[in-house]
Amino acid sequence: MEPSLLTRQIAKRPDKCTFQGRILFLTEDPELIRRQLAGEDLPWDTRNPQNNPKLRDDISTDEITPAHICFFFDETLGEFPYTGLKCGNETPIKRSDVKKGGFVAAVSGKRRGKGSSREQSPYAELCAGIKLVVAENIERIYKQNCQNLGVLTTTDFSVIDKIRGGEEIPLSKFTEGEDDITRQVIEYGGLFPFNVARMQNKVFLPPIKTAKRPMNISEKIFARHMLNEKNEPGVPFVTPGDSGFARTDLRFSHEYVTPMAAIFFEHFVGKDAKVNDPSSILFFRDHLTFLDEVLSEEKRKMGLLDLAVQLKLKQEDFAKKQGIRLHGELKDRKGSEGICHSVIAESYALPGQMNVGSDSHTPHVGAVGCVAFGIGTTDVFNSWITKDVRVKVPESVKVVVRGRRKPNVTAKDFILLLLSMDYIRSGNALAKVMEYSGESIEELSVDERATMTNMAAEIGGFTGIVAPDQKTVEFLVERRGMARVDAQKYIQGLSSDPDAEYAHVIEINAEEITPMVATPGDPGNGKFVRDLNTPVPVEIAYGGTCTAGKNADMDMYAQVLSDALKQGKRISESCKFYIQFGSQDTREYCIRKGYLDVFIKAGAIVLEPSCGACINAGPGVSTRADQIVISAQNRNFPGRSGPGQMYLASPYTVAASAVAGHIVEYEPQMELVNA
C-alpha cells in the first residue's frame, strides 16, 4: 500500500445536486439532434412518455466513442462523445458539438452503454460536461465506469423536470437501490476517493454473513474470493446481492487501456509508486498492430497513427518501470504474440480463479471454469493498488442446451440464437452470470465453450461460465503440459449444487437449431440462414479475433476449405477471405496440422494475431457503406468494423460463404450451395 494515501485528504460530495445546463435527448430522428445542437431545447413530457419522440435504444460504447477516438487518453476525449451515434442512416453529432452545446445531462432508451468496456466513453461524456446519464436501463460495465468516474446515472425520468426547473436533487436519488459500497462510491464521487477512504477506515464495508445455502458454480468461486472481516479472501457462503471486494488472481489490460490507467495511477497515486504484486498483472499489445494498413488519410491527418504509437510506448514504459510481463509485438514480422483473451485461456487461467481484464470479452476464459469479467480503466488502476475489485454477487441465468447438434452447427449458432431471444434482447439478463450446461455444452471443446462465455458480453451479462470437467482436464494437460493429477485437483468441487438457485432458466433443443446469422446492426438480430429471403452476396469474409481465432475455429475453416479444394473450388473471385490467428500457439497448431497450405491454396489471406478488423484496426474492415461483410467476430454494431453491412456467423458459415460468394450454410462433404 502506498503510505501517502493514508494521510490524503478525502471528502464526500454534497448531499444535494444541482445541474446547471441543458439536456441532450439522443433521439432516433437526426433532425431533432441537429436542432438541439443548434440551441433548441426539446419539450419533453415525463408524465405522458408516449407523446415524446423515440429515443435511441442500444447505444453502444462504439457509438459514444468510436474505436479510433480511444487513441486519445486525456481530456481531448471531451471533444468526441456521440460522434459515432447512428440516427437513421446519419451520424449527426460532430467533433466538439456536445461540449459547445452546454449540455449537463444525456437521455436515451434501453441498454445504454452496451458493448465494449472502454471507460473512454463515460470519460469523454464527463470531459464534455455531461454529469448525468438518464436511460431506461444501463449496461453493467458502463454504469460502473460512470460511478467510478463520478458521473451520476438514473433510470428515473422524473429528474428531467427537476433539472429544467432548477431544483436541487438529493444525492440519494442516485443511490437508491444500490448496495452499501456502491452508494458510498457515489457519495465520495468515484472509486479512487472511496478506496482512499477505505484504506483510512472511513467507510463502511458490510460483512458478508450469508447463512448456509446451496450455491451454483459462480457463487462458489465468489465465496472463495470475497474478502472477509480480516481482509482475507474467503467467506463460507454468498448470495446474490452480497457486496464487497474480491481478491483477484490475475489482472490484465491492453494498449487501449493501460496508458490511461497508468496516467491515472501516476497522477492520483504517485509517479514513483509501485503496483501491488506485479507478478499477477499482465499487459498485452494486441489491438493496434495492423492499424497502419487501414487507417484513412483523414484519420492520419488527425494524428491518430502517432497517438496509437504513443499508446504502445506508454504501455512499454510503464511495464518496464513496474516489472510487469508484456505480451507485445513480434520482433521478426508484423503482428502480436496473441490476443489477450486467447493467451490468458491458453497459458494462464485456471479453474476456480477470479480474473479481471480491461475488456468486455474477459469472460472468454470462463470456458475453463473460472469467474472472469471486464472492468474499466479506473477499476484497473485501483486494482493495481489494492489487488482487489469491487463486486456485487450477481444472479445467474442457467442455459441448458439439450440434445445433439447438427454437424454444421457450432457454439456461435447457439449464442446467436440466445441473443435473439426476447428475454435477452429486452435486457433481462443484464449483469447476470450466464451458466451454460446440458449435453450439447458438455460435448463442446473448451475452445468452443469459450465462444459461448466470450459472448456473454453481447448478452450484457456479468460473465459466462461452464463447469470444468474432463474436457477441461484434457485442455490443461494438452495445452499447458500440466500433469493430469494436478489438473484433476483444480476442478474438484467446481460444480453447481443440484438445488442451486437461478434467476431464470433457458432451455434449448440443439436438434432444432440450424446455422444462424445476425443481420447488420446488432448481434441480437439473429435468424436462421435458411430464412434469408434472397441470396446475400459478400465482398469480405473475416475469420479471426478472440471469438473465432482459436484452434477449433481453425479446424472449421480448414474443413470447409479442404472440402472446397476437393471439389475444385477456391475462395470466390468476388470475395476476400481473411483468416487471422488468435495467438502464436494457434498459428503453430495450424502449421503442425497443415492448415496454412490449405488456407493459401484456397486463396485465403492469412494474418498474424491481432484484434484487427473487429475494432476497425486491421485488414478485413469494410470501406464502403454498401459493402457486405460476413464475420465470425462477436459484434456488428454500426461503424465498429467500418461503414459496411456486417453479418455475424459461425466459422463454418463464414468460410462456406467465402467460397460461394454469398451467405450459405455449410454442408459437410457436400456441394456448397445456397441454403
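You'll find the structure just up there.
All values derive from a computational prediction rather than experimental measurement.

1. Points about the pairing of strand E7 (residues 243–247)
- By the criterion of burial, E7 is predominantly enclosed, with four of the five residues buried.
- Summarising the sheet, E7 and strand E13 (residues 388–392) pair through five bridges and their orientation is antiparallel. By the bridge assignment for E13, arginine 247 is matched with aspartate 388.

2. Side note on the packing of helix H23 (residues 551–566) against helix H24 (residues 584–593)
- Two numbers describe how H23 lies on H24: the axes approach to 9 Å, and their chain directions differ by 40°. Relative to H24, the element H23 lies oblique. In terms of crossing hand, the pair formed by H23 and H24 is right-handed. Residues Asn551, Met554 and Asp555 of H23 touch H24, and the partners they reach there are Thr586, Tyr589, Cys590 and Lys593.

3. What about the sheet that holds strand E5 (residues 152–154)?
- The strand order across the open sheet built from four strands is E2-E3-E4-E5, with neighbouring strands paired in parallel fashion. Only two strands of the sheet have a single neighbouring strand rather than two, namely strand E2 (22–25) and E5. Along the sheet, successive strands turn relative to each other by an average axial angle of 20°, direction set aside.
- Here four bridges tie E2 to strand E3 (residues 103–107), and the two strands are oriented parallel to one another. Residue pairing across strands places leucine 24 opposite alanine 106, the latter belonging to E3.
- Across the sheet, helix H1 (residues 30–37) lies against E2 and E3, angled at about 165° from E2, the strand it touches most.

4. Side note on empty space enclosed by the protein
- Taken as a whole and assessed by the stated rule, the structure comprises five cavities of 30 Å³ or more.
- Partitioned by chemical class, the residues of the lining of the largest cavity number eight nonpolar, eleven polar and four charged.
- The computed volume of the second largest cavity comes to approximately 110 Å³.
- Along the wall of the second largest cavity there are 14 residues; nearest its centre are Gly115, Glu139, Ile141, Ala457 and Gly461.
- A total of three residues in the lining of the second largest cavity trace back to one element, the largest contributor, which is helix H5 (residues 140–149).

5. What about the sheet that holds strand E11 (residues 354–357)?
- Spatially, E10-E9-E8-E11-E12 is the arrangement adopted by the five strands of the open sheet, whose pairing is parallel. The sheet is open, and its two edges are formed by strand E10 (325–327) and strand E12 (371–374), each paired on a single side. Along the sheet, successive strands turn relative to each other by an average axial angle of 20°, direction set aside.
- For strand E8 (residues 250–254) and E11, the ladder comprises three bridges, and the chain directions are parallel. Its bridge partner lying in E11, arginine 251 is registered against valine 356.

Basis of the calculations
- Residues numbered from 1 in each chain as written.
- Predicted model: local features only at pLDDT ≥ 70, side-chain atom pairs only at ≥ 80, totals over all residues.
- Heavy atoms only, no water.
- Buried < 20%, exposed > 50% of the residue type's maximum accessible area, 1.4 Å probe, protein only.
- Helix = DSSP H or I, 4+ residues; strand = E, 2+ residues; numbered from the N terminus.
- Pairing = 2+ DSSP bridges.
- Axes fitted to C-alpha atoms, helices over the stretch in contact; angles between N-to-C directions.
- Parallel < 35°, antiparallel > 145°, perpendicular 65-115°, else oblique.
- Left-handed = near helix turned anticlockwise from the far one by under 90°.
- Contact = heavy atoms within 4.5 Å.
- 1 Å grid on protein atoms, 1.4 Å probe; cavity = no way out; pocket = protein on both sides within 12 Å on 5 of 7 lines; lining within 4 Å.
- Points joined across faces, edges and corners; volume = space filled by probe spheres on them.
- Nonpolar A, V, L, I, M, F, W, Y, C, P; charged D, E, K, R; others polar.

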